[in-house]
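# Structural features, examined
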Amino acid sequence: MTTTPPVLQPTPLPLPGLKHSLPFYAFKPWVKLGSPILLFEYLLKTFGNIAHYRFLGTPIVFINDPEYIREVLVNQSSAFVKERTVRRMKVLLGEGLITSDDPIHIRQRRIAAPAFHRQRIAAYGDQIVAIAAAQREQWQPNHTIDIAAASMSLSLEIVARTLFDTEVTADIRSINDEVNTIMDLYNFIVAFPRIESFMHLPIPGIIKFRRSKARLDAVVDRLIREHRQAAANGEPDKGDLLSMLLASTDDQADASGQLTGMTDAQARDEVLTIFLAGYETVANGLAWTWYLLSQNPDVEAKLHAELDAVLGTGSNLRLPTLADYPNLRYTEQVFAEAMRLYPPAWAMGRMSTRPVQLGPYTIPTGAHVFFSQYIMGRDPQYFPDPLRFDPDRFSPENKARRPKFTYFPFGGGNRQCIGESFAWMEGVFSIATIAQRWRLAYAGTTPPEVQAKITLRPKDPLMMKLIPR
Ligand code: HEM
């Protein structure tokens, strides 16, 4: 008689991690309010690629394994929603693409997708170059400027003109100030449990936030009103993203059989989302790129060699065009490598809505799962000698050697950044246009410190001396 061998069920392993709730460790050097990177680094060093802790009763799991990240973002994405701090951003971004859940998200993404198609984005290339060229023409030899602020102003102008077809008037410029105010208050706002219920209270931080948000809304409402008015007057669509967003309808009919588009309230949430997601991220990516180039003359020389070969020198020098884009490969690698060391979106998180298996570990319902582009990008297992700035890591052969989720500056799965193609084009064309004419030399005396807010910003002004080429 034959006996069937028993099926061996893998025994789930207990999640490694901190024994006590996080406040118990409040005086440890790796627990510092506003610096979660220190905590993540400590967890990785102490427990390996998965580690668990509790905070105010919530289980939190930090993962640093490309396969686990794929599980969360792609294979088992239906078991997750955005984690609580992103959900709390609804007080700012409403039900825009970043903060909304299905079914709202899936519909909004369907409506917005055509506006972000690669071919559409290509049409913005010349505008990006023209705006970067105008900036470089204003610069004076040997002047010292804050390149972080200059990059913010560049990318705000690019987003305003290409995506919203608006002049950068005083109220658009004020977006920068309002966003700065909001960023300063952000950690306070998102750390506040049930913040939504307190938004009407006369608490100083909340009053300031409400005022900034009201000013942002007024700018965005004006843009929407003007675009709707232009469409009603029969003016031709200028091809900007907002016109497309307002004109496009869902390809699936609603209950009454109508193909409907976005309401003004939805359009406002999307415009604000795209503004915030689209300019601050690219600006930080560019600012860090200039710093890294200034510290690595060999890489800078190789970049200049590519620009000179593709775009000419001396009296033959010309601005980049769309046809040059595929030939600016090393420029793209420079931007990619800068975003490895200083990823503008430095961490992401999800909350599980049911128990999830990650390898031998079970993640309970309601757990917050975090992973960090910053930590992964500096992991010597995937990026040997990680602090070395070496754009050759992003040559096609070297890229192909690494597992996919070792580099994910734009996230992945169904919530992957919708503006990724735009961001690459903006990054490559801005670097090429400026580095064609200028070298930037770091004027600080100590290395810049990072500040991990919604995006990874330099903590202080990033002063650079402008040297003509
Ligand atoms: C270097 C620049 C950028 C970086 C590093 C970046 C990064 C990211 C990341 C990591 C996500 C996913 C967040 C998550 O899944 O939790 C995301 C989503 C998003 N990004 Fe970007 N982004 C950049 C530029 C842009 C630009 C230029 C735009 C718009 C023009 C944009 C619009 C969005 C939107 C709307 C989403 C939400 C997508 C959805 O959930 O459907 N981003 N971005």
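What comes next is a walk through the structure. (Residues numbered from 1 in each chain as written. Predicted model: local features only at pLDDT ≥ 70, side-chain atom pairs only at ≥ 80, totals over all residues.)

### Details of the overall build of the protein chain
What counts here: Put simply, DSSP H or I for four residues or longer makes a helix, DSSP E for two residues or longer makes a strand, and each gets a number counted from the N terminus. Atoms counted for the radius of gyration: C-alpha only. Globule rule: 2.2 Å times the number of residues to the power 0.38. In this scheme every C-beta is placed from the backbone, and a residue whose C-beta has 20 or more other C-beta atoms within 10 Å is buried, one with 12 or fewer is exposed, and one in between is partly exposed. Residues are treated as contacting if the C-beta atoms built from their backbones sit within 7 Å of each other.
Helix and strand content of the protein chain: 17 helices and 13 strands. Taken over C-alpha atoms, the radius of gyration comes to 23 Å for the protein chain, in line with the 23 Å a tight globule of 469 residues would show. Summarising its shape, the C-alpha atoms of the protein chain cover approximately 85 × 60 × 60 Å along the three principal directions. Burial status across the protein chain gives 38% buried among its 469 residues. If you take every contact in the protein chain between residues at least 6 apart in sequence, the share linking residues at least 24 apart comes to 73%.

### Side note on the site of the ligand
What counts, and what does not: Here, nearness is defined through the C-beta atom: a residue counts as near a molecule or strand if that backbone-placed atom lies within 6 Å of it. Three residue categories are used. Nonpolar comprises Ala, Val, Leu, Ile, Met, Phe, Trp, Tyr, Cys and Pro, charged comprises Asp, Glu, Lys and Arg, and polar comprises the others, including Gly.
Contacts to the ligand come from 23 residues, most closely from Gly-278, Thr-281, Gly-411, Cys-417 and Gly-419. If you list the elements that add at least two residues to the shell around the ligand, you get α12 (264-295) and α17 (420-435). The element best represented in the shell around the ligand is α12, accounting for seven residues. Classifying every residue of the shell around the ligand by side-chain character gives 15 nonpolar, six polar and two charged.

### Focus: the sheet that holds strand β6 (residues 348-352)
Applicable threshold: Should DSSP find at least two bridges between two strands, the strands are taken to pair. To get an axis, fit a line to the C-alpha atoms, keeping to the stretch in contact for a helix; angles then go from 0 to 180 degrees between the N-to-C directions.
Here six strands make up an open sheet; going across it, the order is β1-β2-β3-β9-β6-β4 and the pairing mixed. Here the strands that pair on one side only, and so sit at the sheet edges, are β1 (17-21) and β4 (80-82). The mean inter-strand angle of the sheet, taken between neighbouring strand axes irrespective of direction, is 25°. Taken together, the three bridges between β4 and β6 define a ladder with antiparallel strand orientation. Bridging from a neighbouring strand, Val-81 pairs with Met-351 of β6.

### Brief notes about the packing of helix α7 (residues 125-138) against α17
Each packed pair of helices is defined by two parameters, the angle between the axes and the distance between the axes. Let me state the cut-off plainly: Left-handed describes a crossing whose near helix is turned anticlockwise from the far helix through less than a right angle; right-handed describes the clockwise counterpart.
Between α7 and α17, the least distance of the axes is 9 Å, while the angle of their chain directions is 40°. The way α7 lies across α17 gives a crossing that is right-handed. In contact with Gly-125, Ile-128, Val-129, Ala-132, Ala-133 and Arg-136 of α7, α17 contributes Met-425, Glu-426, Phe-429, Ser-430, Thr-433 and Ile-434. Its residues assigned to classes, the contact of α7 with α17 comprises seven nonpolar, three polar and two charged.

### Thoughts on the pairing of strand β2 (residues 50-55)
The condition that has to hold: Think of it like this: strands point away, you trace from the first strand over the helix to the second, and a clockwise trace means the crossover is right-handed.
Sheet topology note: the β1/β2 ladder contains two bridges and is parallel. Its bridge partner being in β2, Ser-21 is matched across the sheet by Arg-54. Taking the sense of rotation as the criterion, the β-α-β connection linking β1, helix α1 (residues 36-47) and β2 turns out right-handed. Both β2 and strand β3 (residues 58-63) contribute to a ladder of six bridges, which runs antiparallel. What sits directly across from Ile-50, in β3, is Ile-63. Hairpin connection from β2 to β3: two residues lie between these consecutive antiparallel strands, with Leu-56 at a positive phi of about 50°.

### So, the sheet that holds strand β10 (residues 438-442)
Spatially, three strands are ordered β5-β13-β10 in an open sheet, and the strand pairing comes out antiparallel. Of all the strands in the sheet, the pair left with one neighbour each is β5 (144-146) and β10. On average, each strand axis in the sheet is tilted by 40° relative to the strand beside it, whichever way the strands run. Along the sheet, α12 makes contact with β10 and β13 (463-468), crossing β10 at roughly 80°.

### Side note on unusual backbone geometry
Residue Pro-103 is reached from Asp-102 by a cis peptide bond, and omega for that bond is 5°. In this fold, Pro-103 is placed in the loop between α4 (90-93) and α5 (104-112). The backbone of Asn-142 shows a phi angle near 65°, a positive value even though the residue is not glycine. With 9 C-beta atoms packed within 10 Å, Asn-142 lands in the exposed category. Of note in the backbone geometry, Asp-385 takes a positive phi value of approximately 50° without being a glycine. A residue is classified by how many C-beta atoms lie within 10 Å of it, and Asp-385, with 8 of them, is exposed.

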